[in-house]
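So the chains spell out like this:
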Amino acid sequence: VMWGPRRDISDYTSQSAAARARILSTQMSMSGYQEKLPKLNDALKLHRSKCLDDVQALKSQISVVKRDMVELAAVATETTCGITIGPSLLQCTNGHKSSAGQHGTFLTFGHDGLRRRASRLRSKVAREALQQTLVEVARQTRGVRKTTRSAGARRSNLDRGRRAAKASHSHLRRHRRHAVRKPLHLIHKGSHCRVHAEPDCDLMKDKFLVMQTGIADKADSMKETLDKVETMCRATEQDYEAQVEEMQSRLQNQQVALAEGTKGVIEADEQSRLTGVSLMRLEHEASRSTEQCSSSLQALAAEICSIKQLRGELYKMESQRPFIQDCEVSAWMPEECSAECDGGVQKLVRSIVVPSSMGSACPPLVMNRRCNEHTCPVDCVVEEWSGWSACSAHCGGGIMERVRSTRQQPSGGGRPCDATTESTSCGDDACDEDCKLAGWTGWSPCSKACSGGFQVRERHIAQKARGQGLCVGEDASSRREYKKCNKEECEPKTGGILQCKAKLDVVLVLDGSGSIGEAGFEQVRKAGAALVKAFDAGAETAQIAVLMFSGPDSWEKYQKCTENLGTVDLLTDCGLAWVSHFTTGTTELADGVSRLNWPKKTSFVSAALASADAELRSGRAEAQSVVIVITDGKAMNPRKTFQAARALRSKARLMWVPITGEADLANIASWASRPVADNVLVVHDFEDLAKPAQINNIIAAACPVVE
């Protein structure tokens, strides 16, 4: 009877100990979470504050640049040829010396109204752009004068302009270097100014438009930066918030587990206490029953003894003295119980030690009694494990769990349940992981048939970078390698010009902007016609399209071309003139190129590249696409030009023929296809552009099969 309570007390004690162990583990986990959670919240607040400051600073800069754009637009509008341009540009020297001991110099307008407009500029971007524009205007005004109608006079004037530009270039460069560090266009007391140049009005207006588009480009770039900062801030904030939410969820789970563990301890201790009280009552009852039983046995033994004495006295009264032997038996010997639990029958046996002789007969030698009446123990039975849950974190360490339900609770001292939840670590990889590269590809065919080309091999990305991990650019030496090939010089089979025999879709893009000059445009026409004739056109060879570009001649037209403000005429508004779309009639096309008129406007290179991209849609799927751009390299909007070039490079090979040392080679190298050595063919002078050697150099670079 008492075995059951003792077993129950033992079970409750085990349950209480297990619950206390869970409480200790939970408290340790809660301590870690409570320590990390404030740090995460502080990091989140700091991130929000920093992002707010960064975003506000960028918005403030953009606002200042926008206000300056309005002022510059007013300057451009008020620059009316022959009226407000004033007699000259002024070169001014500040009365105060710099830390280097030099007087700062800058250029400004001779016209009071324009100078006041310029003095209102607040952003460094606008001030530097205006100062650089004035330096460019002054240099070109002094270096290149209007040419006469005769070819000889044009050449003489051009030569003199180059010499003058070269002589004054370093001097003007010093102006630019010192001027951008000063508050521009304000003539302070102590400043000394002198007439520097009488600018060409058309040149001035063109330069102003290029300046406006450049500043608009800067503003767009700042907006992109703002968008990237806001996007990055949102992503980082969401990451922090997710971590905080996850930490709070885990803390709440641990708090629930702590409550459950505490409840388990209380319930187990209470059940143990109640069972202990019951056991004490049972033990008291058992002690009392034992005492009663002992007293009864003693009384029975005394009674038997009295009976035996009475029997002897009776025999004495009869004068008899017989030997009387009562039957003596051994102690009971229990056999095994028929059942281990839930009540069985146990057989008890004893043997005769001394048989009866005139005494009392032997008592029964066999007896049955109940045994093992306690409840049979029932072991815990659990179901199969469920599948693993998703990892709580993809990187930086997480947890995934699996559970199983209990089919049968233990009872009667049965085997307790094994764990019904199980967890394991996961997502141990670092959140910031660099990309992984595949092996090298094989070497490509040579890019040129002769005169030295390149073969290329590459390593592609096998696994993308994760988080803040890095991945080297596709042009890095660890991902792309070149080796020279076909080094022998190209030799034309007939005549002095190479003939392209490959199946190509060629778009020839010719610069007609004002910056190349009239003599320069003449060389561009000659070179364009010569290139058209150098391609063997036909169904199985080349087809050619020619686009001449300049650009808008006013800020209103530029906005019309770039902001979808109504119907746009590509020729009159944007300065894009298709000489011909894809054709195999090279004779007529070359004649058309030779008769082109010089637009003498700005340089809308990005639009020209986008138009070439559109032309390629009508190309042939089996033909290689090549776009050749002949330009002096002065794009109105370098950022949009880069974007257009990147889009075009995904469909075609993009080659550049920059002319003169004034070309922006750094940007052109970023716009061209790779390798740059094959796709940027620098021409140092317009006079060299149409020479056979230069035409052959372009054809050899563009065409894989030449004769």
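For the structure given in this document, a descriptive report is provided here.

**So, the overall build of the protein chain**
Then, in step 1: In terms of helices and strands, the protein chain carries 14 helices and 20 strands.
Then, in step 2: Going through the 707 residues of the protein chain one by one, you find that 36% of them count as buried.
Then, in step 3: Taking as baseline every contact in the protein chain between residues at least 6 positions apart, the subset at least 24 positions apart corresponds to 76%.
Then, in step 4: Element-wise, carbon and sulfur atoms account for 52% of the exposed surface of the protein chain, whose accessible area totals about 39,000 Å².

**Side note on the pattern of salt bridges**
Then, in step 1: Under the counting rule described, the total for this entry stands at 36 salt bridges.
Then, in step 2: As a salt-bridge pair, Arg674 and Asp475 come within 3.1 Å of each other at their nearest N and O atoms. Of the two residues, Arg674 sits in the loop between helix H11 (665-671) and helix H12 (676-679) while Asp475 sits in the loop between strand E14 (453-463) and strand E15 (480-485), which places them 199 residues apart along the sequence.
Then, in step 3: Residue classification places Arg674 among the partly exposed residues on the basis of a relative accessible area of 30%.
Then, in step 4: A salt bridge links Asp505 to Arg620; the nearest nitrogen and oxygen atoms lie 2.9 Å apart. One end of the pair, Asp505, is in strand E16 (residues 504-511); the other, Arg620, is in the loop between helix H9 (605-616) and strand E19 (624-631), and 115 residues separate them in sequence.

**Remarks on the state of the cysteines**
Then, in step 1: Counted by the stated rule, this structure contains eleven disulfides.
Then, in step 2: Each sulfur in the disulfide pair Cys51 and Cys233 lies 2.0 Å from the other. Taking the sign of the torsion about the S-S bond as the criterion, the disulfide between Cys51 and Cys233, at about -95 degrees, is left-handed. You can see Cys51 sitting in helix H1 (residues 3-78) and its partner Cys233 sitting in helix H5 (residues 201-317), a full 182 residues away along the chain.
Then, in step 3: The buried category is assigned to Cys51, whose relative accessible area is 11%.

**A look at the sheet that holds strand E20 (residues 653-658)**
Then, in step 1: With mixed pairing, five strands are arranged side by side in an open sheet as E18-E17-E16-E19-E20. Only two strands of the sheet have a single neighbouring strand rather than two, namely strand E18 (576-583) and E20. On average, each strand axis in the sheet is inclined to that of its neighbour by 15 degrees, with strand direction left out of account.
Then, in step 2: Sheet topology places strand E17 (residues 543-549) next to E18; five bridges connect them, and they run antiparallel. When the sheet's bridge partners are listed, Leu547 is paired in E18 with Trp578.
Then, in step 3: Set on the sheet, H9 makes contact with E16, E17, E18, E19 and E20; between it and E18 the angle comes to about 25 degrees.

**Description of the nonpolar core**
Then, in step 1: Ranked by size, the top nonpolar core spans 65 residues in total, and within it Phe109, Leu130, Phe208, Leu609, Val627 and Trp656 carry the most contacts.
Then, in step 2: Element by element, the count of residues in this core is highest for H5, at eleven residues.
Then, in step 3: Grouped together as the second largest cluster of nonpolar side chains are 45 residues, Cys500, Ala529, Met655 and Ile698 included.

**Things to note about the side chain of Glu71**
Then, in step 1: Within the fold, Glu71 resides in helix H1.
Then, in step 2: Separated by 3.1 Å, the side chains of Glu71 and Arg117 make a polar contact.
Then, in step 3: If we skip the residues at most four places from it in the chain, Glu71 touches Arg117, Arg120 and Leu121.

**Digging into the sheet that holds strand E6 (residues 344-349)**
Then, in step 1: Strand order in the open sheet formed by three strands is E5-E6-E8, and the pairing between neighbours is antiparallel. The sheet is open, and its two borders are formed by strand E5 (333-334) and strand E8 (366-371), each paired with just one other strand.
Then, in step 2: Summarising the sheet, E6 and E8 pair through six bridges and their orientation is antiparallel. Following the sheet pairing, Gly344 is matched in E8 by Cys371.

**Section: the packing of H9 against helix H10 (residues 638-649)**
Then, in step 1: Two numbers describe how H9 lies on H10: the axes approach to 8 Å, and their chain directions differ by 15 degrees. Comparing their axes, H10 and H9 come out roughly parallel. Two packed elements cross with a definite hand, and for H9 against H10 that hand is left-handed. Taken together, the residues of H10 that come into contact with H9 (itself represented by Val605, Ser606, Leu609, Asp613 and Leu616) are Lys640, Thr641, Ala644, Ala645, Ala647 and Leu648.
Then, in step 2: Residue composition of the contact of H9 with H10, by class: seven nonpolar, two polar and two charged.

**Things to note about helix H14 (residues 692-702)**
Then, in step 1: Across the eleven residues of H14, eight count as buried, placing the element largely inside the fold.
Then, in step 2: Among the residues of H14, Gln694, Ile695, Asn696, Ile698, Ile699, Ala700, Ala701 and Ala702 are the ones counted as buried.

**Things to note about unusual backbone geometry**
Negative phi characterises most residues that are not glycine, and trans characterises most peptide bonds.
Then, in step 1: Each neighbour pair has its own omega, and for Arg674 with Pro675 the value is 0 degrees, a cis peptide bond.
Then, in step 2: Position of Pro675 relative to the elements: it lies in the loop between H11 and H12.
Then, in step 3: Despite not being glycine, Asn372 shows a phi value in the positive range, around 45 degrees.
Then, in step 4: By the secondary structure assignment, Asn372 is in the loop between E8 and strand E9 (381-382).
Then, in step 5: Positive phi, normally seen in glycine, also occurs at Ser451, with a value near 65 degrees.
Then, in step 6: Within the secondary structure layout, Ser451 lies in the loop between strand E13 (436-440) and E14.

**Notes on the environment of Thr225**
Then, in step 1: Relative to the elements of secondary structure, Thr225 occurs in helix H5.
Then, in step 2: Take Thr225: its relative accessible area is 33%, and that puts it in the partly exposed class.
Then, in step 3: Through-space distance from the C-alpha of Thr225 to that of Leu58 is 8.3 Å; in sequence the pair is 167 residues apart.

**Quick word on the packing of aromatic side chains**
Then, in step 1: One pass over the structure, following the stated rule, counts four aromatic pairs.
Then, in step 2: Each residue in the set Trp555, Tyr558 and Phe604 is aromatic and connected to the rest through ring pairs, giving one cluster.
Then, in step 3: Across the ring face of Trp440, the terminal group of Arg457 is positioned such that the distance to the ring centre comes to 4.6 Å.
Then, in step 4: Lying across the ring of Trp440, Arg459 places its NZ or CZ 5.8 Å from the centre.

What counts and what doesn't
Residues numbered from 1 in each chain as written. Predicted model: local features only at pLDDT ≥ 70, side-chain atom pairs only at ≥ 80, totals over all residues. Heavy atoms only, no water. Helix = DSSP H or I, 4+ residues; strand = E, 2+ residues; numbered from the N terminus. Buried < 20%, exposed > 50% of the residue type's maximum accessible area, 1.4 Å probe, protein only. Contact = heavy atoms within 4.5 Å. Areas by Shrake-Rupley, 256 points an atom, 1.4 Å probe, with all protein chains shown as cover. Salt bridge = Lys/Arg side-chain N within 4 Å of Asp/Glu carboxyl O. Disulfide = S-S within 2.5 Å. Pairing = 2+ DSSP bridges. Axes fitted to C-alpha atoms, helices over the stretch in contact; angles between N-to-C directions. Core = buried A, V, L, I, M, F, W, Y, C linked by side-chain atoms within 4.5 Å. Polar contact = N/O pair within 3.5 Å; in protein donor to acceptor, adjacent residues only side chain to side chain. Parallel < 35°, antiparallel > 145°, perpendicular 65-115°, else oblique. Left-handed = near helix turned anticlockwise from the far one by under 90°. Nonpolar A, V, L, I, M, F, W, Y, C, P; charged D, E, K, R; others polar. Phe/Tyr/Trp six-rings, centres within 6.5 Å; stacked < 30°, edge-to-face > 60°. Lys NZ or Arg CZ within 6 Å of the ring centre and 35° of its normal.

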